[in-house]
Amino acid sequence: MTRRQQWKERERFQKEEEERKMNLQIYVFVLRCIAYPFNAKQPTDMTRRQQKVNKQQLQTVKERFLAFLNGETQIVADEAFCNAVRSYYESFLKSERASRMVQSGGCSANDFREVFKKNIERRVRSLPEIDGLSKETVLSSWIAKYDAIYRGEEDTRRPTQRAHMGSVSELILSKEQLYEMFQQILGVRKFEHQLLYNGCQLDNVDEQAAQIRRELDGRLQLAENIARERRYPKFISADMEVLYVEELRSSVNLLMANLESLPVSKGGPDFKQKLKRSSMNNSFLDLGDEGDILSKSDVVLSFTLEIVIVEVHGLKSLAPNQVVYCTMEVEGGEKLQTDQAEASRPQWETQGDFTTTHPLPSVKVKLFTERTGVLALEDKELGRVVLNPTTNSPKQAEFHRMVVPRNSPDTDLRIKLAVRMDKPPNMKHSGFLYASGQRLRKRWKKRYFVLVQVSQYTFAMCSYREKKAEPQELMQLEGYTVDYCDPQPGLQGGCVFFNAVKEGDLVIFACDDEQDRVLWVQAMYRATGQSYKPVPPQLNRTTNRKEGNPKPPTPISLNPSQRQGVEDLISATPSRFDHSTLFRVLQKKTLQHRMNDSFSCLGWFSPGQVFVLDEYCARYGVRGCHRHLSYLKDLMDYSEKSALVDPTLLHYSYAFCASHIHGNRPDGMGTVTVEEKEQFESIRSRLMTLLMNQITHFRYCFPFGRPDGALKATLSLLERVLMRDITTPVPSEEMKNLLQKCLEKAAQINYSQLLDYAQIKVDPEEAADKQLEDMLMLGELCIEVLQQNDEHHSEGREAFSWWSDLLADHAEAFLCLYRQNLDSALQVQPADSWNTFPLFQLLNNFLRTDPHLCNGPFHKHLQDVFVPLVVRYIDLMESSIAQSIHRGFEQETWQPVRSLTNNLASVPLPKVPNLSLTLPQMPSFSAPAWMGPLCENTLHGINLPDIFNGSATSEDLFWKLDALQMFVLDLNWPEPEFAKHLEQRLKLMASDMMEACVKRTKSAFDAKMQKASKSTEFRVPLSVCTMFNILMDAKKQCSKLCVLDCSQEQQYHSRIDVLIDETFKEMISSLISKFAVVLDGVLSKLSRYDEGTFFSSILSFTKPGMDLADTYITFVRQNQDILRDRISDELYIENLFEQWYSSSMKAVCVWLTDRLDLQLHTYQLKTLIKIVKKTYRDFRLQGVLDGTLNNRSYETIYNRLTVEEATAAVKAGGALQGLSMRDSDEEDI
């Protein structure tokens, strides 16, 4: 090792040794603060901190939630809860921000739970209401399931242990726990603590109180020296120098008052006296001031005596079975008696308890035996003993010789007893001394002295006589100085001497033992509070001690240098240290220990740490501004290293410092040093930078809105930092502009982070489909980011009402960056490509629901980009549909379609092959709206393949029109005027298309009817039924596809309705006419049998059958079945049947009327009866109402045929072969 390295190593060792000594010295001061606090208490109202979540626990939680999502747990949950957990897992647990929360040390299990709770509250609010199940019940159930997933199986193993650990660490700590904590903080070893503990006599309350009095006296002397020597700190104003000394004095006087406010016991558990405040203004060592004069009644003591009588020896004068007992009493008190015992075994072990106010009480114990004589008035006394115990008397039982009556044979009667006299707390020392003084005790005489504490600053040296409660003489020790002194010549009595000196008085004391003298001097040294510490003569330092609280021997052997080091630490005068520097070190190490423990503290100290730091500052005069400035520095150091610090804590400390610097004096300190102001300005600038950086990175500094209210507190703190003083508020515009700049930077940071997260590299040379896919994914992520901002970071509006506007501006800036990439991707898309519509729908559906972003700059730009695309799309669709109508009806087979309706959801919009351009294809993200009614029909038991619809052309037309309108409707165009224009155009286009469809259908129907047969062989073609169905579908679709809520379009729709209704009437009339032609053919054949014609005479010789009637009836029935089965609308079927029946009856009625003067031929009569009755019956079975069936034509026919039937029965007899109009309803022909 080179010399330079040796020098560096030695320098490092020296530095470490100096740091260790400083830590030990700080620990001495901390020990005294813990052992005897008189200013602070451990706070009980602090927020309890939760356990941190570390990286390993985060990984475990991820695994548990993934196991639940994979179905590997026993937790039963519905689909909605699983979706909520999946969203929580993907968006929170797997996010980088959650990992940063854990790394920052400010994340607890409660934060995880609150994020989930906030997420599900939004989801549950969007769920529909369920009868009998409130949303609060759902929330509670979901939270319980979340807790079960989060805990896994660990809760069943260690629930109580974790709760116990939390309560011990975060609640009130004992002194031993505080000692252990600060040993860890300051790096003090256990044996060092034991040495310092014993050396400081921390278990001696009197020594600690005396130490405080010496410390306060030292601070007062320091203040006087500063004033005398003018060694002031550098203040911002010279007028503060005098005020500074007054502050020092007032702070010491306040501490004196706090010390005196501590209760001092006066001998019993139920008797306490508040400490008396001295009238001294400067120091309790002011020798020129007597202070309060004590009276003898102020120093009355209360003692507890325990007398235990064990046994008696030497009792020989009594018979063995003679009864004996003892009595005991304290002078001036009650008398107690033991149990009775036999003289052969006089043992009791009986205890009597007494109280007395005599420091030298007289205790009498007597032995009696019972007198059995009849005339005996009292028992016989066998002996007595009188004792004068003190608090220093032996506590164990001893034998005492009893005084016996004259002529008693028991001359060696002894009693074994113990007298224990407890020492009251305010009795500090006692014993026999020789004393002589100038004012009191002028005679050198041995007296019994007691050192009595009346209050924390008032002590008295009292001498007592036997059996007296009040002292004979009283010397108030205030202002005296005690010290060892040499033997005094001419004084007989006493071997070693000490004195108490005061201006105008000198009292000399002497005792017989050196150890006794040391104890007396130590006790009086604590009582006087003098700064000078008496040192015993060297010759007597090794004298053995008898009692008191000497420093016990330590099992650790120390060499002289180590022992001297411990003594130096203990005896160091606190007022000579720079406690500002020491406290800065202590607070920094305490904060370091706190930030590294297992709790998510956010920079807040634990109650025990707050208590020790408060006590240290008050006891050793650390200025509050210095304390909080140091605290701010340390907190900002951690915050700049990405540790999570509560901004409310920063605000509290900064507000304290700002109020102090600006003269508000929160702690009563009116002086401000130049150093404090310079540090404050430096911290203010640094804090400003820190806060602006946190707001710029608000998504990462306050992830998911945690800690709760942190963003709001940060904004409030920033406003406070911007204030020039404590009264002038910051202009709103200034604050707003500053935050706006921060959020503009935040937009750039968030967008770049989003690109990195999505792993998207914007490349103009990339394929158009890939760029569009990237923009779609990036758009979803952008929407998620903005939704999270609104959900988790909108609390800023509680600090500033215009925060929402700034957040909206931030969102616009964020979307502006996305807009650049979006425009680039759209420019490379091929012409007439409609794949971009899903992207518009995604963005527009989010933007239109946001009150701040709707019709904002980005939203308007998005509309401007897509308006030409939408218009172009509709133009092409209109051309495509028009051509499909023209081509489709030219090639139409008029066959009903079934497969198309069953598979509409997967049918693309068909292309027209003759068009020179690529026809647009309907986007696949919207299904036709009219699928709904079909699905509803299936619920009523209708089989879809049996539903006969229109032709392929008509179904294609209606589906295209509906799908096109639904597509435009799904766009949810945000600009009202253009949206209205689109709707109007589509409705008018639908009306025109449907009009063309109806007209083409009518033309095809007319052509079909002209070619139809006129005989009974005629059957309604399926194509005709399809045409009817087309009109019915057009009627239904018209109300949905052609109606607008304005008068002009309503009139236009009415015209379409009229056209459809008139077309229906014409088609029904044409079909009825065709049926009438067939009936006319049947009736013309019957006309051949008219009476008086040439053919009737010839045909009379033939015997025609009923073929004509049967053929017509078959014709009617089969056409009825065709119409009923093939036309889907029941209402129109009934209308058709009513008209058909009415026209048929009218034709027959006219035919009969034309033959009113002629008698019907039997064949005519039989045929008409069968046709009329069967027609009546068939149409009634088809649902034609009785009012229509029994019309006037039918009644006329019925009456005529009944008359003809009667005539035929008279002439021909059984020529009708059982046919009759009356009973035909019961016939089964």
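Residues numbered from 1 in each chain as written. Predicted model: local features only at pLDDT ≥ 70, side-chain atom pairs only at ≥ 80, totals over all residues. Heavy atoms only, no water.

1. Some points on the overall build of the chain
Across its full length, the chain holds 37 helices and 18 strands. Scored against the burial criterion, the 1229 residues of the chain give a buried share of 49%. Sequence separation of 24 or more characterises 73% of the internal contacts of the chain that already satisfy a separation of 6 or more. Accessible area of the chain: about 60200 Å², with a carbon and sulfur share of 49%. (Helix = DSSP H or I, 4+ residues; strand = E, 2+ residues; numbered from the N terminus. Buried < 20%, exposed > 50% of the residue type's maximum accessible area, 1.4 Å probe, protein only. Contact = heavy atoms within 4.5 Å. Areas by Shrake-Rupley, 256 points an atom, 1.4 Å probe, with all protein chains shown as cover.)

2. Looking at the pairing of strand β3 (residues 303–313)
Across the 11 residues that make up β3, a large majority, eight, are buried. With eight bridges joining them, β3 and strand β7 (residues 347–356) adopt antiparallel strand pairing. Paired with I307 across the two strands is G352, which belongs to β7. With eight bridges joining them, β3 and strand β11 (residues 414–421) adopt antiparallel strand pairing. Residue H313 lies in a different strand from β11, and its bridge partner there is R414. (Pairing = 2+ DSSP bridges.)

3. With respect to the sheet that holds strand β17 (residues 496–502)
The sheet built from seven strands is open, its strands ordered β15-β14-β13-β12-β18-β17-β16 with antiparallel pairing. Edge positions in the open sheet fall to β15 (473–476) and β16 (481–485), since each of these has one partner strand only. Within the sheet, the average angular offset between the axes of one strand and its neighbour, ignoring direction, is 35°. Inspection of the sheet shows strand β12 (residues 427–437) paired to strand β13 (residues 445–453) by eight bridges, in the antiparallel sense. Bridging across to β13, H429 finds its partner in L451. (Axes fitted to C-alpha atoms, helices over the stretch in contact; angles between N-to-C directions.)

4. Focus: the packing of helix α17 (residues 647–661) against helix α18 (residues 674–696)
Between α17 and α18, whose axes approach to 11 Å, the crossing angle comes to 140°. Taken as axis vectors, α17 and α18 run oblique relative to one another. For the crossing formed where α17 meets α18, the hand is left-handed. Taking contact as the criterion, the partners of L650, Y654, C657, A658, H660 and I661 in α17 are, on α18, E676, K677, F680, R684 and L687. Here the contact of α17 with α18 is built from residues that sort into seven nonpolar, one polar and three charged. (Parallel < 35°, antiparallel > 145°, perpendicular 65-115°, else oblique. Left-handed = near helix turned anticlockwise from the far one by under 90°. Nonpolar A, V, L, I, M, F, W, Y, C, P; charged D, E, K, R; others polar.)

5. Some details on the confidence of the model for the chain
Should pLDDT be low for a region, the predicted coordinates there are not to be read in detail. A residue-level look at the chain finds 85% of positions with pLDDT of 70 or above and a mean pLDDT of 82. Under a pLDDT of 50 for its full length, residues 539–557 has, in the predicted model, 25 contacts with residues more than four places off or in other chains. Scored below 50 in pLDDT, residues 899–948 shows 78 contacts in the model against residues more than four places distant or in partner chains. (pLDDT = per-residue confidence, 0-100.)

6. Structural notes on unusual backbone geometry
With an omega of -5°, the peptide bond running from R706 to P707 counts as cis. With respect to the element layout, P707 can be found in the loop between α19 (698–701) and α20 (710–722). Its identity as a non-glycine residue notwithstanding, S642 has a phi of 75°, on the positive side. Tracing the backbone through its elements, the reader meets S642 in the loop between α16 (624–640) and α17. You can call S642 exposed: its relative accessible area is 57%.

7. A look at the packing of aromatic side chains
With the rule as written, the count across this model stands at 56 aromatic pairs. Where F583 meets Y616, the ring centres are 5.8 Å apart and the plane angle is 35°; that geometry is what we call tilted. You can see F583 sitting in helix α14 (residues 579–595) and its partner Y616 sitting in helix α15 (residues 607–620), a full 33 residues away along the chain. With relative accessibility at 0%, the residue F583 sits in the buried group. The buried category is assigned to Y616, whose relative accessible area is 0%. Grouped by ring-pair contacts, the aromatic residues F65, F68, F81, Y88, F92, F112, F116, W142, Y146, Y150 and F704 constitute a single cluster. (Phe/Tyr/Trp six-rings, centres within 6.5 Å; stacked < 30°, edge-to-face > 60°.)

8. Things to note about the side chain of T590
Tracing the sequence through the fold places T590 in helix α14. Side-chain polar atoms of T590 contact the backbone oxygen of L586, separated by 2.6 Å. Apart from residues no more than four positions distant in its own chain, T590 is found in contact with F182, I185, F605, Q609 and L613. (Polar contact = N/O pair within 3.5 Å; in protein donor to acceptor, adjacent residues only side chain to side chain.)

9. Things to note about the nonpolar core
In terms of nonpolar packing, the biggest core is built from 126 residues, with Y818, F1028, L1071, L1123 and L1201 touching the most fellow members. Counting residues per element, this core draws most heavily on helix α31 (residues 1047–1086), at 14 residues. Here this core spans two domains, since at least three of its residues come from each of domain 4 (739–850) and domain 5 (1069–1211). Not counting residues within four places of it along the chain, the set of residues in contact with L1123 comprises V1020, C1025, L1071, F1075, I1133, L1136, F1137 and W1140. Core analysis: the next-biggest nonpolar cluster, separate from the first, contains 94 residues, F182, M240, Y620 and M723 among them. (Core = buried A, V, L, I, M, F, W, Y, C linked by side-chain atoms within 4.5 Å. Domains from an automatic or database assignment.)

10. Here we look at helix α33 (residues 1107–1126)
In this model, α33 (20 residues) spans 28 Å end to end at C-alpha, consistent with the 28 Å of a helix rising 1.5 Å per residue. Among all positions in α33, only L1108, A1109, Y1112, I1113, F1115, V1116, N1119, Q1120 and L1123 are buried. Projected onto a plane normal to the axis of α33, the buried residues spread over an arc of 150° and lie on a single side. Residues D1107 and D1125 are exposed on α33 and point more than 90 degrees away from its buried face. (Expected span 1.5 Å × (residues − 1). Arc of directions from axis to C-beta.)

11. Some words on the sheet that holds β3
Here we have four strands laid out as an open sheet, ordered β7-β3-β11-β10, and antiparallel in their pairing. Every interior strand has two partners, whereas the edge strands, β7 and β10 (398–401), have only one. In this sheet, adjacent strand axes meet at a mean angle of 30° when their direction is disregarded. Relative to β11, β10 runs antiparallel, the two being bridged by four bridges. Paired with E398 across the two strands is L417, which belongs to β11.

12. A few points about a positive patch on the surface
A cluster of like positive charges, contributed by R443, K445, R465, K467 and K468, occupies part of the molecular surface. For K467, the position within the fold is in the loop between β14 (459–464) and β15. Its relative accessible area of 37% is what places K467 among the partly exposed residues. (Patch = residues over 30% accessible without salt bridge, like charges linked within 9 Å, V, L, I, M, F, W, Y side chains within 5 Å. Salt bridge = Lys/Arg side-chain N within 4 Å of Asp/Glu carboxyl O. Lys, Arg positive; Asp, Glu negative; His and termini not counted. Charge placed at Lys NZ, Arg CZ, Asp CG, Glu CD.)

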